[in-house]
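# Survey of secondary and tertiary structure
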Amino acid sequence: MDKNILEGQLRECYGRVVYTHKTHEKCADLLQNKLSWMKNIQLFLLAITTGSFITTVVGDAKIGAIIGSILSAVLLFLNSYMKDYDLGTIAQKHRQAAGEIWLIRERYLSLLTDLKMETKSIEEITKERDALLLELSAIYVGAPSTNYKAYSMAQKALKELEDMTFSDEELDKFLPTVLKRK
């Protein structure tokens, strides 16, 4: 097998896994934010509903009862939605998928390094590549679906914000003195 062809394929697989990992992270973030927003809305509606029913006792009973009834219905709808769609659990599944995909991503990077350094034979690398493909497939089967908004956020994070890149100076700050380049 031609080393350049194998390297090209591994690079392509690595790139796809980088995007998938980041997209699952962004999906989890979006769902967590939505959950937080919805819980705050619930509390707000509950406070206003309670206040409107209190006005039925000490103020205008008819207006308080109407407002309280309407807000109670809205709160019932919101609670029903949140019961049927456990956003926290779905967000956690995205985080779990991202964690599992992260390991695959790092293993693809190691394979590319091994190929460049020629520490493993082409046969060993293709065998590991095939095993990674099967592991990745199993992760994808159990992972929740991502969405376009999360993909767009991942794309921005990777391309514009350079989430996956470091300068030598940044890396030197993390490393012990003997491993620093400058």
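Here's a quick rundown of the structure. (Residues numbered from 1 in each chain as written. Predicted model: local features only at pLDDT ≥ 70, side-chain atom pairs only at ≥ 80, totals over all residues. Heavy atoms only, no water.)

## Re the nonpolar core
If you look at the biggest cluster of nonpolar residues, it comprises 19 residues, and the most contacted ones within it are L10, V17, I101, I104, Y108 and I125. Every element with two or more residues in this core is listed here: α1 (3-58), α3 (87-117) and α4 (122-142). Here this core gets seven residues from one element, more than from any other, and that element is α3. In this structure, I101 is in contact with V17, T20, H21, H24, L136, I139 and Y140, ignoring residues within four places of it in sequence. Counting 10 residues, the second-largest nonpolar core is a separate cluster that includes L35, L45, L75 and L78. (Core = buried A, V, L, I, M, F, W, Y, C linked by side-chain atoms within 4.5 Å. Buried < 20%, exposed > 50% of the residue type's maximum accessible area, 1.4 Å probe, protein only. Helix = DSSP H or I, 4+ residues; strand = E, 2+ residues; numbered from the N terminus. Contact = heavy atoms within 4.5 Å.)

## A look at the pattern of salt bridges
Side chains carrying opposite charge are able to pair once their charged atoms draw close together. A full pass over the atoms with the stated rule returns 12 salt bridges. The partner of K120 in a salt bridge is D114, and the shortest N-O contact between them spans 3.2 Å. Judged by its relative accessible area of 28%, K120 falls in the partly exposed class. Among the charged side chains, a salt-bridge network with shared partners connects K22, E25 and D163. (Salt bridge = Lys/Arg side-chain N within 4 Å of Asp/Glu carboxyl O.)

## Overview of the side chain of H24
When you line up the elements, H24 lands in helix α1. For H24, the residues in contact, after removing those within four places along its chain, are H94, A97, A98, I101, A143, P144 and T146.

## Structural notes on a nonpolar patch on the surface
A surface patch of nonpolar side chains, about 640 Å² in accessible area, is lined by F166, L171, F174, L175, V178 and L179. By secondary structure assignment, the location of L179 is in the segment after α6 (168-174). (Patch = residues over 30% accessible without salt bridge, like charges linked within 9 Å, V, L, I, M, F, W, Y side chains within 5 Å. Areas by Shrake-Rupley, 256 points an atom, 1.4 Å probe, with all protein chains shown as cover.)

## Brief notes about the packing of aromatic side chains
Per the stated rule, a full pass over the model turns up three aromatic pairs. Residues F166 and F174 carry aromatic rings whose centres are separated by 6.3 Å and whose planes lie at 90° to one another, so their mutual orientation is edge-to-face. (Phe/Tyr/Trp six-rings, centres within 6.5 Å; stacked < 30°, edge-to-face > 60°.)

## Side note on unusual backbone geometry
One non-glycine residue, E118, lies in positive phi territory at about 60°. Relative to the assigned elements, E118 resides in the loop between α3 and α4. Here the phi dihedral of E162 falls at roughly 50°; this positive angle occurs in a residue that is not glycine. In this structure, E162 sits in the loop between α5 (148-159) and α6. With relative accessibility at 47%, the residue E162 sits in the partly exposed group.

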